[in-house]
Amino acid sequence: MPDMEKVKALTSLLEERSGLDVREALVRFYNYLSIEETRIFDKETDYLLDTLGVEIELPF
């Protein structure tokens, strides 16, 4: 299964289980992280974005 198909499948599962849009669910989760957890989360997210070649589109 190509990477983007995996991302779409995971997104669908997260939205179904949380009842929220995946972006809203991540923002809510992120707000409850400690400073160290936030640093690790950001580092891992950056790694995944680079690995998958995903460009970030800022909402503003």
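Going by the structure above, here's the rest.
Residues numbered from 1 in each chain as written. Predicted model: local features only at pLDDT ≥ 70, side-chain atom pairs only at ≥ 80, totals over all residues. Heavy atoms only, no water.

Asks: In this structure, what is going on with the overall build of the protein? I would like to understand it.
Replies: From N to C terminus, the protein includes 3 helices and 0 strands. The order of α-helices and β-strands along the protein, N terminus first, is α-α-α. Sorting the 60 residues of the protein into buried and exposed places 7% on the buried side. Element-wise, carbon and sulfur atoms account for 59% of the exposed surface of the protein, whose accessible area totals about 5600 Å². If the 7 positive side-chain charges of the protein are averaged to one point and the 14 negative ones to another, these points end up 3 Å apart. (Helix = DSSP H or I, 4+ residues; strand = E, 2+ residues; numbered from the N terminus. Buried < 20%, exposed > 50% of the residue type's maximum accessible area, 1.4 Å probe, protein only. Areas by Shrake-Rupley, 256 points an atom, 1.4 Å probe, with all protein chains shown as cover. Lys, Arg positive; Asp, Glu negative; His and termini not counted. Charge placed at Lys NZ, Arg CZ, Asp CG, Glu CD.)

Asks: Can you walk me through the layout of surface pockets in this structure?
Replies: Which parts of space are left empty comes out when a probe the size of a water molecule is rolled across the atoms. If you add up the space inside the largest pocket, you get close to 1300 Å³. Taken together, 27 residues make up the lining of the largest pocket; nearest its centre are Val-22, Arg-23, Leu-26, Thr-45 and Leu-49. Contributions of two or more residues to the lining of the largest pocket are made by helix 1 (3-18), helix 2 (22-30) and helix 3 (35-52). The class makeup of the residues in the lining of the largest pocket is 18 nonpolar, 3 polar and 6 charged. (1 Å grid on protein atoms, 1.4 Å probe; cavity = no way out; pocket = protein on both sides within 12 Å on 5 of 7 lines; lining within 4 Å. Points joined across faces, edges and corners; volume = space filled by probe spheres on them. Nonpolar A, V, L, I, M, F, W, Y, C, P; charged D, E, K, R; others polar.)

Asks: I tried to follow the packing of aromatic side chains on my own but got confused; where do I start?
Replies: The way to describe two aromatic rings as a pair is by their centre distance and the angle between their planes. Tallying each qualifying case throughout the model produces 2 aromatic pairs. Through a chain of ring-to-ring contacts, three or more aromatic side chains come together here, namely Phe-29, Tyr-30 and Phe-41. (Phe/Tyr/Trp six-rings, centres within 6.5 Å; stacked < 30°, edge-to-face > 60°.)

Asks: What's the story with the environment of Leu-26 in this structure? I'm lost.
Replies: Here Leu-26 is to be found in helix 2. Residue classification places Leu-26 among the partly exposed residues on the basis of a relative accessible area of 41%. Leu-26 sits 16 residues away from Leu-10 along the chain, and the two C-alpha atoms are 13 Å apart.

Asks: What's the story with the environment of Ala-25 in this structure? I'm lost.
Replies: Tracing the backbone shows Ala-25 in helix 2. Given the relative accessible area of 22%, Ala-25 is considered partly exposed. Expressed as a C-alpha distance, the spacing of Ala-25 and Leu-14, which sit 11 residues apart in the sequence, is 8.3 Å. What Ala-25 contacts, discounting residues up to four positions off in sequence, is Ser-18 and Leu-20. (Contact = heavy atoms within 4.5 Å.)

Everything listed is a geometric property; what it means functionally is a separate question.
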